[in-house]
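Coordinate analysis (summary)
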Amino acid sequence: MKRVFLSSISFWIILLGSHFQVAHAQSDTTILTYNEYLENIIQYHPIAKKADLKIKFAKAEMLSAKGNLDPEIYADWNQKNFSDKLYYRQYQTKLKLPTRYGVDVVGGYENTEGVFLNPENKTDKFGLWHLGLEVNVLQGLLVNERRTALDQAKIFQDQAKVEQQLILNDLIYNATTAYLTWQQYVYFRKVLVENEVIADTYFNNTKESFFSGEKTAMDTLEAYIAYQDVISLTQKNELGLIKSRQMVENYLWYQDLPIELQNNTIPENYINPLFSNYDKFENANLSNHPNIQSTINKLSLLALEQKLKREKLKPKLKIKYNPLLATSSNSLIPSFSVNDYKWGFNFSMPLLMRSERAAIQQGEVKIQEANLDIDQKRNELQNKIESSWLQQFVLQEQVVLLGKNVESYRLLLEGENEKFNYGESSVFLLNKRQEKYINGQFKLIETSIAKQVELLNFLYFSNQLISDN
């Protein structure tokens, strides 16, 4: 598929519909904020659109279930002519109106004639009308396939909403993880740029000192190697940055086309929290969690099936009663008489009911399994939520501590640099101070991102990810 390349201004106007914030450094950079990134995903990403299709499919399921209650019309015509004789002509039509319960309203009309017609089927030339009921007296009266299908369709609609939320939760979680990884590599690069400037300055100063006779050739070589190490580390970070940008681009779409980020586009500062701050832990209502709700819906479906299976233990007894509305000799208008009717019944019952009892036992096992799944998932989620919450406090303490260390490393580096300028230090010590300062910044960025990831996990496990955004 052809990719879309946009300038920084048109990219924002088209992709997100408002202006990016512009930060000025050595060159202008375009900031793609997390909220803007997320809005684009929800609106345009194919998986987000796929989640919406779940609702449409569930509506189709409900329409299909309601189709079991559609009125049904039936017509039949049979005629035989032989040796210039009309052996028989039989015409009948029937209209059946199903209901949610085991009662069907049936009406119809029949008209027959012929030399060799069975006398019981004979009508006058205006035919015979009938209107009556077909009732499942025992099995199928209150619980039957039609009513169960409607109840199941309602659960399918609830399940579609749950599946939609599960898809969106996973999409937002994975997209946010990609954004945080991108943040980390971008701000690693900022540290490495500073590191490169420092190393280059040390190398040039050492080289000048060598020409003036203040430093040895070994000092110059050591400064050059340190500078080369910085370049190597920067290049390694660039590989991670390229991959992380591509992961973010996987989530950026406009209509049906993927979007490619401009080279000067960066994420917002990692110091800015992506989510609202949570200062108090509250036990989440896990019954509403989509992972739990999905199993609860499965349990509801099993309960409906079990109810229908228990209904199969009843004998089948279907009674049919149809008053016959005869026509007069000169009119199609029917007349009613209590003495004109048809009725009958059908009865059947398995003697041992082994298949029916086995189906019920299997259903009970499935229900027990579903209940055990709910207990296991609830306990697992609760443990993950509590663990994630506690880890955030530890990571926050580390962030504070690392921030203080970075400031201390900066002061030590500045002090060592002053000593170096006065010839009271060496390139080796200077490099060590610089290494501590750079690694400290790396650890601070990593830990700050890790805290955001842990908060992301907390929101994901506690089913607050979508509501928070």
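Treat the numbers as computed from the prediction; the structure is a model and nothing was measured. Every residue gets a number counted from 1 within its own chain, in the order that chain's sequence is written. The predicted nature of this model means local features are confined to residues of pLDDT at least 70 and side-chain atom pairs, given and counted, to a pLDDT of 80 or more, with totals for whole chains, interfaces and linings taken over all residues. Side-chain metrics in this entry use all non-hydrogen atoms of the structure; hydrogen atoms and water are not considered.

To continue, consider the packing of helix H4 (residues 145–211) against helix H8 (residues 427–461). Fitting a line to C-alpha atoms yields each axis, with helices limited to the stretch in contact; the angle taken between N-to-C directions then spans 0 to 180 degrees. Secondary structure counts use DSSP, requiring at least four H or I residues in a row for a helix and at least two E residues in a row for a strand, with both numbered from the N terminus. Where H4 contacts H8, the two axes come as close as 10 Å, and the packing angle between them is 170 degrees. Put simply, H4 runs roughly antiparallel to H8. Under this grouping Gly is polar, as are all residues other than the nonpolar Ala, Val, Leu, Ile, Met, Phe, Trp, Tyr, Cys and Pro and the charged Asp, Glu, Lys and Arg. Taken together, the residues of the contact of H4 with H8 sort by class into 19 nonpolar, eleven polar and three charged. Any angle from 65 to 115 degrees is called roughly perpendicular, while one under 35 is roughly parallel, one over 145 is roughly antiparallel, and all others are oblique.

Paired rings are identified among Phe, Tyr and Trp, the last through its six-membered ring, by centres lying within 6.5 Å, and are further divided according to the angle between planes into stacked (under 30 degrees), edge-to-face (over 60) and tilted (the rest). Applying the stated criterion across every chain yields a total of 22 aromatic pairs. Taking the centre distance of 6.5 Å and the plane angle of 45 degrees together, the rings of Tyr34 and Tyr37 count as tilted. Of this pair, Tyr34 and Tyr37 both sit in helix H2 (residues 34–44), three residues apart, roughly one helical turn. Consider the rings of Tyr187 and Tyr270, whose centres lie 5.4 Å apart with planes at 65 degrees: the pair is edge-to-face. Residue Tyr187 is located in helix H4, and its partner Tyr270 is located in the loop between strand E9 (265–267) and helix H6 (290–311); the two are separated by 83 residues in the primary sequence. Like Tyr187, the residue Tyr270 is buried in the burial classification. For the exposure calls, accessible area comes from a 1.4 Å probe over protein chains only, and a residue counts as buried if that area is under 20% of its type's maximum, exposed if over 50%, partly exposed in between.

When a carboxyl oxygen of Asp or Glu is within 4 Å of a side-chain nitrogen of Lys or Arg, the pair counts as a salt bridge. Counted by the stated rule, this structure contains 16 salt bridges. Residues Lys314 and Glu311 are paired through a salt bridge, measuring 3.2 Å at the closest nitrogen-oxygen approach. Given a relative accessible area of 38%, Lys314 falls into the partly exposed group. A salt bridge links Asp375 to Arg378, with the shortest nitrogen-to-oxygen separation between them at 3.9 Å. In this pair, Asp375 and Arg378 are both assigned in helix H7 (residues 354–421), three residues apart and thus about one turn of the helix distant.

Two numbers describe how helix H5 (residues 217–249) lies on H8: the axes approach to 10 Å, and their chain directions differ by 15 degrees. One way to sum up the angle between H5 and H8 is to call them roughly parallel. The element H5 and its partner H8 pack so that their crossing is right-handed. Between H5, through Asp219, Glu222, Ala223, Ala226, Val230 and Leu233, and H8, the contact on the second element is made entirely by Val427, Phe428, Asn431, Gln434 and Phe442. For any helix crossing, the convention is left-handed if the near helix is rotated counterclockwise from the far helix by under a right angle, and right-handed if that rotation is clockwise. Contacts between residues were defined by any pair of non-hydrogen atoms, one from each residue, lying within 4.5 Å.

Values of pLDDT, ranging from 0 to 100, describe the predictor's confidence in every residue of the model. Summarising the model, the protein chain shows a mean pLDDT of 85, and 91% of its residues fall at 70 or more. Across residues 1–26, confidence stays below pLDDT 50; counting only partners more than four residues off in sequence or on other chains, it has 60 contacts.

With a phi angle near 55 degrees, Gln255 is a residue other than glycine that sits in the positive phi range. Secondary-structure assignment places Gln255 in the loop between strand E7 (253–254) and strand E8 (257–258). One non-glycine residue with positive phi stands out, namely Met353, at about 55 degrees. Relative to the elements of secondary structure, Met353 occurs in the loop between strand E12 (341–348) and H7. A relative accessible area of 11% means that Met353 is categorised as buried.

Moving on: a nonpolar patch on the surface. To count toward a patch, a residue needs a relative accessible area above 30% and no salt bridge. Like charges then connect within 9 Å, nonpolar side chains (Val, Leu, Ile, Met, Phe, Trp, Tyr) within 5 Å. Per-residue and other accessible areas follow the Shrake-Rupley method at a 1.4 Å probe size, with only the shown protein chains counted as cover for residues. Where nonpolar side chains cluster on the molecular surface, the patch consists of Val137, Leu138, Ile319, Tyr321, Tyr341, Trp343, Phe345, Phe347 and Met349 and spans about 880 Å² of accessible area. Sorting the residues of the nonpolar patch by element identifies strand E10 (316–327) and E12 as the ones contributing at least two each. Looking at the nonpolar patch element by element, the count peaks at four residues for E12. Met349 sits in the partly exposed class, given a relative accessible area of 40%.

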